[in-house]
Structure formats: structure tokens, C-alpha cells
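Per-entry structural report
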Amino acid sequence: MEKRTNEKRVILFPLPLQGCINPMLQLATILFSRGFSITIIHTRFNAPKSSDHPLFTFLQMADGLSETQTQSPDLLLKLTLLNENCEKPLRECLAKLLKPDSDSETEQEKISCLIDDSGWTFTQSVAESFNLPRFVLCAYKFTFFLGHLLVPQLRRHGFLPFPDSEAEDLVPEFPPLRKKDLSRIMGTSSQMEMLDSYLVKILESTKPASGIIVMSCQELDQDSLAESHKVFNFPIFPIGPSHIHDVPASSSSLFEPDQSCIPWLDNQETKSVIYVSLGSIVTMSESEFLEIAFGLRNTDLAFLWVVRPGSVQGRDWIESLPVGFMESLDGKGKIVKWAPQLDVLAHRATGGFLTHNGWNSTLESICEGVPMISLPFVWDQMLNARFISEVWRIGIHLEGRIERREIERAVRRVMVDSEGEEIQARIKVLQDEVRRSVKRGGSSSRSLDDLVNRILSF
Ligand code: UDX
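The chain is annotated in an unreviewed UniProt entry as Glycosyltransferase from Microthlaspi erraticum. The record held by UniProt for the chain lists under Sequence similarities (unreviewed entry) the comment "Belongs to the UDP-glycosyltransferase family."

**A few points about the overall build of the chain**
Counting secondary structure elements, the chain contains 19 helices and 13 strands. Compactness check: the chain gives a C-alpha radius of gyration of 22 Å against a globular reference of 23 Å for 458 residues, within 12% of the reference. Along the three orthogonal principal directions, the C-alpha set of the chain runs to about 65 × 55 × 50 Å. Here the chain holds 458 residues, and 42% of them are scored as buried. Taking the contacts inside the chain whose residues are at least 6 apart along the sequence as the reference set, 70% of them involve residues at least 24 apart.

**Thoughts on the site of the ligand**
Taken together, 27 residues sit near the ligand, with Gly19, Gly279, Ser280, Gly358 and Ser361 positioned nearest. By residue class, the composition of the shell around the ligand is 13 nonpolar, twelve polar and two charged.

**A short note on the pairing of strand β8 (residues 273–277)**
Successive residues of a regular strand alternate their side chains across the two faces of the sheet. Counting buried positions over the five residues of β8 gives five, a clear majority of the element. The alternating pattern of β8 places Val273, Tyr275 and Ser277 and Ile274 and Val276 on opposite faces, both of which are buried. The sheet contact formed by β8 and strand β9 (residues 302–306) spans four bridges and is parallel. Looking at the pairing, Ile274 lines up with Phe303 of β9. Handedness of the β8-helix α12 (residues 286–299)-β9 crossover: right-handed. Relative to strand β11 (residues 350–355), β8 is paired through five bridges, and the arrangement is parallel. Across the sheet, residue Val273 finds its bridge partner in β11, namely Thr350.

**Section: the domain arrangement of the chain**
By domain assignment, the chain separates into domain 1 (8–139 + 207–246 + 438–456) and domain 2 (261–435). Placing a centre on the C-alpha atoms of domain 1 and another on those of domain 2 gives a separation of 30 Å. Contacts between the two partners involve 17 residues from domain 1, matched on the other side by 14 residues from domain 2. Secondary-structure elements contributing two or more residues to the side of domain 1 that touches domain 2 are α1 (18–33) and α10 (218–227). Tallying contributions element by element places α1 first for the side of domain 1 that touches domain 2, with four residues. A breakdown of the residues in the side of domain 1 that touches domain 2 according to their chemical character gives eleven nonpolar, five polar and one charged.

**Topic: helix α4 (residues 87–98)**
Between its first and last C-alpha atoms α4 spans 16 Å; for twelve residues at 1.5 Å apiece the expected length is 16 Å, and the two agree. When α4 is considered as a whole, its buried residues turn out to be Leu90, Cys93, Leu94 and Leu97. Down the axis of α4, the buried set is contained in an arc of 95°. They therefore lie on one face. Residues of α4 that are exposed and point over 90 degrees away from its buried face: Glu92 and Lys96.

**Details of the sheet that holds strand β4 (residues 110–117)**
If you walk across this open sheet you meet the seven strands as β3-β2-β1-β4-β5-β6-β7, and the pairing is parallel. Only two strands of the sheet have a single partner each, and these edge strands are β3 (57–61) and β7 (236–238). With strand direction ignored, the average angle separating the axes of adjacent strands in the sheet is 20°. Sheet topology note: the strand β1 (residues 8–13)/β4 ladder contains six bridges and is parallel.

Rules and cut-offs
Residues numbered from 1 in each chain as written. Predicted model: local features only at pLDDT ≥ 70, side-chain atom pairs only at ≥ 80, totals over all residues. UniProt positions renumbered as here; feature names shortened; annotations may be inferred. Helix = DSSP H or I, 4+ residues; strand = E, 2+ residues; numbered from the N terminus. Rg over C-alpha atoms; globule rule 2.2 N^0.38 Å. Buried ≥ 20, exposed ≤ 12 C-beta atoms within 10 Å, placed from the backbone. Contact = placed C-beta atoms within 7 Å. Near = placed C-beta within 6 Å. Nonpolar A, V, L, I, M, F, W, Y, C, P; charged D, E, K, R; others polar. Pairing = 2+ DSSP bridges. Right-handed = clockwise from strand over helix to strand, strands pointing away. Domains from an automatic or database assignment. Expected span 1.5 Å × (residues − 1). Arc of directions from axis to C-beta. Axes fitted to C-alpha atoms, helices over the stretch in contact; angles between N-to-C directions.

Printed below as a string of C-alpha cells:
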């Protein structure tokens, strides 16, 4: 296959975070399969690998982040700076692409629209200035996206502080979150103004868009999708998990996946391995890392654990494990820097997933029918974990301090006890429903058709 010309072209602009790049690039693959040409505009920071997608055109733009800023663990600050710095370069990129006499590849094509992440807050006005329709990609559970409204509102109405005795109470406006979950989402007081103003900007810049594409489906988000007309009066396209549509799942890993995971899993019994990964952003203290390590070892079960370099605060990688720790596992544990996660979750040997519940990991686990042990750290992870344990009941919530006995107990509950079998049965039902939604005639498949028709109508 070759890059296309003479077609309608779609421009996609991902937010430069692994959890946002994956669904955006997978959406690009889906749109390519529907006949669109694809241009990906991206920042220098966390640039996707163009060699993984030879049929797309990639355009890198300056993002103004210094080396120190790219290393900063302060995500909110990084997103704020990116939003401040990227408007001019994006404008220049689009001006070049939309100029009638621009390069020969695009001159015969019509650029149909811009699709960018909800985390970009300046793109609506840029798109409008070029008369370019814009779609917003929501890479969260839609309940959480609607919750962007609630966080600043509840704070203004004096939600914080609340007495300890109310910590377990549900937040009536934002179920199934409890007060203690919402307070973690609201962040520390030093950041609250910055967070609230960012959330308001996200919503304000989404409202005038031509539509929102949601990486979720009716089967997972029915209530919030039904509520959406109260906030947005444009079409919403819940196209389902992008990686299970009928196109090859493309890799968009910023890190090199360690392929030795698969032959290692091949040598393990069916559903015997607990897979552990906390995504691309979460960091933990050294003592939390050691508690997880000993908790996993004490289960006496096989585990495959992704420890991202730099994710243990103050350490390069796993050097704080005591001497002889790996040997003491007797081949039952494997630690890697990054895994081919989709393949690991789809492997017959994987029986459970200890996860931070980023939305991508949550969807990927549901789609493979792997029960979860939720260890959420921040943000939407808190909400996803509540849906896992309380609404869908397809996993258990590891709460409180990260402590080896708690980890051992939780892993055993899912992997060994009869409770695990009940969880397994429930997740199988949900897995089938979600997978059915992307098949011809299913709700996600119909939504995708609607989206394609909408883009073609421009
Ligand atoms: C971030 C936020 O933390 C999360 O809360 C939000 O929902 C999305 O953006 P991240 O922490 O990276 O995402 O988690 P997640 O959404 O799960 O995305 C991680 C992606 O990296 C997944 O697609 C996963 O398959 C992939 N991955 C992760 C790998 O390919 N290999 C790994 O070893 C770990």
C-alpha cells in the first residue's frame, strides 16, 4: 500500500502523552482504512515514531519545552506550558497545509477536519480561523469528561474540606465517587486554581466543536452519554475501544516493548500470571516499590511486572531490590522496562492485571476479559477503579496504604479464591458486550459510520 493522494485528508494532533497518543494513532489507522489520508501534527516532546506508521504523513512542530521542563513530573504544569507554547507553531503548520499551492502531495486533496485531544485548549480558535471543522477526542471514560464541569463547581460550593467521618460517603453529584476519591482528583491546594482553570478551558473550547469522539461505548458509558445533551449540543461519537476495530492494532509505543515477555508467558500455565503495570506517568516511592515487590513474591504466584525506568522516585530502575531477590523467585517473576501490553493481556497465561486504571489499560483489560486489581493513583484512575469494583464488579479495589500483605491478599482473592471465578464470569460478559459493539450493526460500529459520514459531509 502507498500513501494516498486525491483523497480527503484528516489532520490529527495528539496530546504528547502515551495514554493520549495510542488512541489518537489508532483512530488514524481506522480512518485510513475508511479511505482518508492522514497527517499527524505532533510536538517534539514525546514525538510518535513515524516509522511505525509509514502510510501517514508526520509533521513535527516546536513545543518550546526546555529539557528540564520535559523531565518535570508536574504534568499539569507541562500541559499548561504546552498549551501556551503550541498555538503559534500549530497555526503555522496549518497555514502551510491549507495554502492552495502547498506541496504536491496535498494540493489535490481537500483537508476535511482537525481532530485533536480534549487536553488542547487553544485549537478551537485556531481551527475556526482556518474555517476548519474540529472534532475533540476524549480519551477518558465519558463520565469523567462530564465531571470536568463538576470539579470546579463543587470546589466553589465548599466541597473541601469535609470531616473524616464523611470520607466514605458517595458524592451525590458524581457517583460512584466517594468524597475521599474526589478529594484526590481535586488535587493539592497549590495546584487547585491552575487545575480548575484548565478544566473550564477544556469544556469551553469543546463546546463550539463539530463533535466529540469518545473512546468508550454505550455498553460502558450509557448514563453519561444520555446526560451529554445537557452540556453539549453537537453529535457525540462513542466509537468504542479503538484497538479492537477491524483494523490492525498499530503500535505507538514511546518506549521499546520488551518482546521477551511473550516466550516467558508461553512457558507459564493458563491464567496463572498476574501482570502488573502502572502505565506511562505514575511514579511511586521506593518503599511503595519494595512493598509491591514483596507482596508479589509472597503470593508465590508467577508475575510479570513493568517497572518503567524513572518510575521509582530517586532511582534509575530496580536497583533498590535486595540482593538475591530475583533469584529467590525461582523463575516465577519477570520484571521488564516496558511490555507489549496488548499482547500480554491477550495471552492465555495472563490471569489478572494489577493496574493503575488509566482508561486505556482499563479498556484493554476489559476487551481481553482479564480481571483487575485496581491501584489508582490520581485523576480519572480514581473513577475507573470505582466502576471496576462497584459498578461492573470485574475486579477489586486495593485501597489505603501500599502494603505487602494487602497486595498479597488482593492478588490471591482474584487469582486463587472463588471470588476470582465470579469476577472472571462477570468480566467475560462485559468483554462480549464491548466486543460486540464494534462489530457490524453494534453501537460503536454505527457511531463510527456516523463519524465517517459526518467528516465526508464537510
Ligand atoms: C494517562 C493517565 O495516567 C490516565 O489516567 C488516563 O486515563 C490516560 O492518560 P497512562 O497512565 O499512560 O495514561 O495509562 P493508560 O491510559 O493505561 O495508557 C497506557 C498505554 O500504554 C496503554 O495503551 C498500554 O497498553 C500501553 N503500555 C503500558 C504498553 O504498551 N506497555 C507497558 O508496559 C505499559
